[in-house]
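# Per-entry structural report
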Amino acid sequence: MGLVTTKEMFEKSMKEHFAIGAFNVNNMEVLQAVVDAAKEEKSPVIIQASSSAIKYARINYLMKMIEAAVEETDVPIALHLDHGADFEICKTCIDAGFTSVMIDGSKYDFEENVALTKKVVEYAHARGVVVEAELGKLAGVEDDVNVASSDAMYTNPDQAKEFVDRTGCDSLAIAIGTSHGAYKFKGEAKLRFDILKKVKEKLPNTPIVLHGASTVIPELVETCNKYGGNIPGAKGVPDEMLNEASHSGVSKINVDTDLRLAMTSEIKRVFAEEPEAFDPRKYLTPARDKVKEIVKHKMRDVFESSNKA
Ligand code: G3H
Ligand code: 13P
Ligand code: ZN
């Protein structure tokens, strides 16, 4: 079927109240795991790469691997730039064949964010590519976008409506309490579903995106720590909250940290349990299997995107 944009998958997600997982990839193993999971679950999927992932994997390799993934799979796959920091990186990805880009102007003030987003939307739409933008600030580190925790700012629903009207962006990432990485909450996990509800009332036809939405799966954290890792107290967004978000107008849920934890926990386990092993396939195979298992679980039990392809 070839790569698709997110347009049709988002329309279906809004109509049928489920969310589509957007999974960050940096290498072949994670890409294969995500695409195989989507195939087995018959789920649409968004493959996303950040600018540092593109730098790591190299854009030519990335595009060829995606091409292979699409050839082998018949579910809808969109290829998305995650956290594009400026017009140039968005242009590079659009020109290379990405079907969706994010322009992350959340570090700028409202007017600058509008102007930058509009510029990307004009370039992208003329080439059949869709654009995700961000309004509000997530605490933590977003690729090249640094936001101090104290500066965390929830999305204002009135501004969200004005922002979408003025920029023509296709989907909007909002800040309702999530953050990137393995440490999202100090105490209880808490998301501002009231803000999500108000944003949806103002923008019923705009797909909403949730960044920083890894669960930071306790079992994976435990395995990492058991085999020499040092990430005590890591905590993410519980599955039940993500499931509620999927039913409440969130169309795209971003996951990177859980995939990193899945890879790392299995590699650590094999290194500790089989110290004689040095063939990379000995540890990359269970690592890839674990990523696939986690992605399938999210599609089936949390986002409910299984059988929606
Ligand atoms: O939101 C950030 C993503 O997890 C990508 O992270 O820039 O380290 O690839 P990265
Ligand atoms: P996590 O760090 O929670 O996986 O978030 C990833 C993300 O938002 C990528 O844009
Ligand atoms: Zn993000």
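Our subject in this report is the structure included herewith.

Criteria and thresholds
Residues numbered from 1 in each chain as written. Chains lettered and ligands numbered in written order. Predicted model: local features only at pLDDT ≥ 70, side-chain atom pairs only at ≥ 80, totals over all residues. Heavy atoms only, no water. Buried < 20%, exposed > 50% of the residue type's maximum accessible area, 1.4 Å probe, protein only. Helix = DSSP H or I, 4+ residues; strand = E, 2+ residues; numbered from the N terminus. Pairing = 2+ DSSP bridges. Right-handed = clockwise from strand over helix to strand, strands pointing away. Near = heavy atom within 4 Å. Polar contact = N/O pair within 3.5 Å; in protein donor to acceptor, adjacent residues only side chain to side chain. Areas by Shrake-Rupley, 256 points an atom, 1.4 Å probe, with all protein chains shown as cover. Salt bridge = Lys/Arg side-chain N within 4 Å of Asp/Glu carboxyl O. Axes fitted to C-alpha atoms, helices over the stretch in contact; angles between N-to-C directions. Contact = heavy atoms within 4.5 Å.

### Some words on the pairing of strand β5 (residues 130–135)
Taking burial as the measure, the 6 residues of β5 include 6 buried ones, the bulk of the element. Side chains of β5 alternate between two faces, with Val 130, Glu 132 and Glu 134 and Val 131, Ala 133 and Leu 135 buried alike. In the sheet, strand β4 (residues 100–103) pairs with β5 via 4 bridges, with the strands oriented parallel. Bridging from a neighbouring strand, Ser 100 pairs with Val 130 of β5. The handedness of the β4 to β5 crossover, carried by helix α6 (residues 110–125), is right-handed. Examined bridge by bridge, β5 and strand β8 (residues 171–174) share 4 bridges and lie parallel to one another. What sits directly across from Glu 134, in β8, is Ala 173.

### Side note on the pairing of strand β1 (residues 20–24)
If a strand is regular, its side chains alternate between the two faces of the sheet. Counting buried residues along β1, 5 of its 5 residues qualify, which places the element largely inside the surrounding structure. With burial as the criterion, each face of β1 is covered, one bearing Ile 20, Ala 22 and Asn 24 and the other bearing Gly 21 and Phe 23. Across 3 bridges, β1 lies against strand β2 (residues 45–50) in parallel orientation. Looking across to β2, one finds that Phe 23 is bridged to Ile 47. A crossover links β1 with its parallel partner β2, the connecting element being helix α2 (residues 28–41), and its sense is right-handed.

### Digging into the site of ligand 2
Asp 82, Lys 184, Ser 214, Asp 256 and Thr 257 are the nearest of the 15 residues found near ligand 2. A distance of 3.2 Å is found between an oxygen atom of ligand 2 and a side-chain nitrogen or oxygen belonging to His 83. Isolated, ligand 2 exposes 300 Å² of accessible area, and the fraction of that covered by the protein chains is 97%.

### Some thoughts on the pattern of salt bridges
One pass over the structure, following the stated rule, counts 22 salt bridges. For Glu 132, the salt bridge identified is with Lys 252, shortest N-O distance 2.7 Å. One end of the pair, Glu 132, is in strand β5; the other, Lys 252, is in strand β10 (residues 250–255), with 120 residues separating them in the sequence. Looking at Glu 132, the relative accessible area reads 1%, which means it is buried. Relative accessible area serves as the criterion here: at 1%, Lys 252 is assigned to the buried category. As a salt-bridge pair, Lys 290 and Glu 219 come within 3.1 Å of each other at their nearest N and O atoms. Here Lys 290, found in helix α12 (residues 280–302), pairs with Glu 219, found in helix α9 (residues 218–226); they are 71 residues apart in sequence, far enough to count as distant.

### Let's talk about the sheet that holds β1
Hydrogen bonds between backbone atoms are what pair the strands of a sheet, whose relative direction is either parallel or antiparallel. Pairing is parallel in the closed barrel, where 8 strands are placed in the order β1-β2-β3-β4-β5-β8-β9-β10. For this sheet, the mean inter-axis angle between neighbouring strands, taken without regard to orientation, is 25°. By the bridge criterion, 2 bridges tie β8 to strand β9 (residues 208–210) in an arrangement that is parallel. Opposite Ala 173, over in β9, you have Val 209 as the bridge partner. Most of the contacts of helix α1 (residues 7–16) go to β10, to which it runs at about 115°, and overall it touches β1, β2, β3 (77–84), β8 and β10.

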